[in-house]
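Examination of the molecular architecture
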Amino acid sequence: MVTLSRPASPVYDYMVLPSGFTVPPLPALAVLFAGIAAAAVALARERPPLTDRTVLAFAPWMALGSAAYVCHQLALLPATVMPFASAPAVYGSTFVVAVAVWLGARRTGSPKRVLAGVGLLALSAPVALAVRYGTMHDSLAPLWPLLALLLALFLGAVCWTGLRRLRPASARAVGGAGALVLFGHALDAATTAVGVDVLGFGEQTPLSRLVMEFAAGLPTAPIIGVGWLFVLVKLVVAVAVVVLLADYVREAPTEGFLLFALVAAVGLGPGVHNLLLFTVATT
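Residues numbered from 1 in each chain as written. Predicted model: local features only at pLDDT ≥ 70, side-chain atom pairs only at ≥ 80, totals over all residues. Heavy atoms only, no water.

Some details on helix α1 (residues 26–46)
Given a rise of 1.5 Å per residue, 21 residues ought to cover 30 Å, and the 30 Å separating the end C-alpha atoms of α1 matches this to within 8%. All buried positions along α1 are accounted for by A28, L29, L32, G35 and A39. Buried residues of α1 fall within an arc of 130° about the axis and therefore sit on the same side. Exposed side of α1, more than 90 degrees from the buried face: L26, P27, F33 and R45 are the residues found there. Backbone geometry just downstream of α1 places R47 in the positive-phi region, at approximately 45°. (Helix = DSSP H or I, 4+ residues; strand = E, 2+ residues; numbered from the N terminus. Expected span 1.5 Å × (residues − 1). Buried < 20%, exposed > 50% of the residue type's maximum accessible area, 1.4 Å probe, protein only. Arc of directions from axis to C-beta.)

Points about the nonpolar core
M62 and F260 are the most contacted members of the largest nonpolar core, which totals 67 residues. Counting residues in hydrophobic clusters, the runner-up holds eight residues, among them Y69, A85, A87 and V90. (Core = buried A, V, L, I, M, F, W, Y, C linked by side-chain atoms within 4.5 Å.)

Focus on the pattern of salt bridges
Close approach of charged atoms allows side chains with opposite charge to pair. The tally for this structure, following the rule as stated, stands at four salt bridges. K234 is the salt-bridge partner of D188, the closest N and O atoms lying 2.8 Å from each other. Separated by 46 residues along the polypeptide, D188 in helix α7 (residues 168–197) and K234 in helix α10 (residues 227–251) bring together distant segments of the chain. A single burial state applies to D188 and to K234, both of which are buried. (Salt bridge = Lys/Arg side-chain N within 4 Å of Asp/Glu carboxyl O.)

Some points on the layout of surface pockets
Taken as a whole, the second largest pocket holds about 260 Å³ of empty space. Lining the second largest pocket are 15 residues, with L64, A68, V81, V90 and T94 positioned closest to its centre. Only α3 (59–73), α4 (89–105) and α5 (111–136) provide two or more residues apiece to the lining of the second largest pocket. (1 Å grid on protein atoms, 1.4 Å probe; cavity = no way out; pocket = protein on both sides within 12 Å on 5 of 7 lines; lining within 4 Å. Points joined across faces, edges and corners; volume = space filled by probe spheres on them.)

As for the packing of aromatic side chains
In this description, a pair of aromatic rings is defined by centroid distance and the angle of the planes. All told, the structure shown has three aromatic pairs when counted by the stated rule. Ring plane angle 85° and centroid distance 5.1 Å describe the contact between F58 and W102, whose orientation is recorded as edge-to-face. One end of the pair, F58, is in the loop between α2 (52–57) and α3; the other, W102, is in helix α4, with 44 residues separating them in the sequence. For the pair F58 and W102, one class covers both residues: buried. Between the aromatic rings of F257 and F260, the centroid separation amounts to 6.2 Å while the plane-to-plane angle is 45°, which identifies the pairing as tilted. Placement of both F257 and F260 in helix α11 (residues 253–280) is noted, with a separation of three residues, approximately one turn of the helix. Exposure class is identical for F257 and F260. Each is buried. (Phe/Tyr/Trp six-rings, centres within 6.5 Å; stacked < 30°, edge-to-face > 60°.)

Below, the structure is given as structure tokens:
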């Protein structure tokens, strides 16, 4: 995930947590913790099964948190909502709402479709707000984000095809959840590389900055930039995680797919954040 600021040159400071993380005011924090606790208790009582298709149905919710955070960065939300859309509070807020919708959707005839459909409708609101901001401020610039998205689709497809050919048993075990993990991390990698090398944004995550700092010291930096190494590292790690978790999914499907959902969110969330931010606030 990248910052909204655009430094003149890459800044590599050594922070433990990504920059931009804030603690909401105490009343909002109390409400958030109460909501998270209630959602956790409800999940523990029902213990709903998780499959690869359930993980795919949660994809819009992974994107929703990131889109809401973009609106927070651009100060587009009502004052009462702003604390719940800051980072990292937005992850907890999205979790609470997504769990409530999921448990409610289980009472319907098509729980996965309901979960995904409501998530897409919810996602449309912050995306529309951000696009409206870009239109009003004449800062809408979709070209580079679109190219990053196409690159992510290509890289994710290459990794998934390679996994299916080299480790077919693992690919069958993880199903669509594995493909989502690979695409999500490819999107994060591609958008980060474009943001840092082309658009001049600063990288927000400490470990990512370390990778790029190393790449900046290579002879290739003046020619192809520093983002390529981050892309390579992200994809190698994502493929390795999918392969390693495949056995766990076979032994304990619910717990295994829960981990897949978390891993997918760690990639897809920042990727969507970058994609939307670059589209509406690059000028």
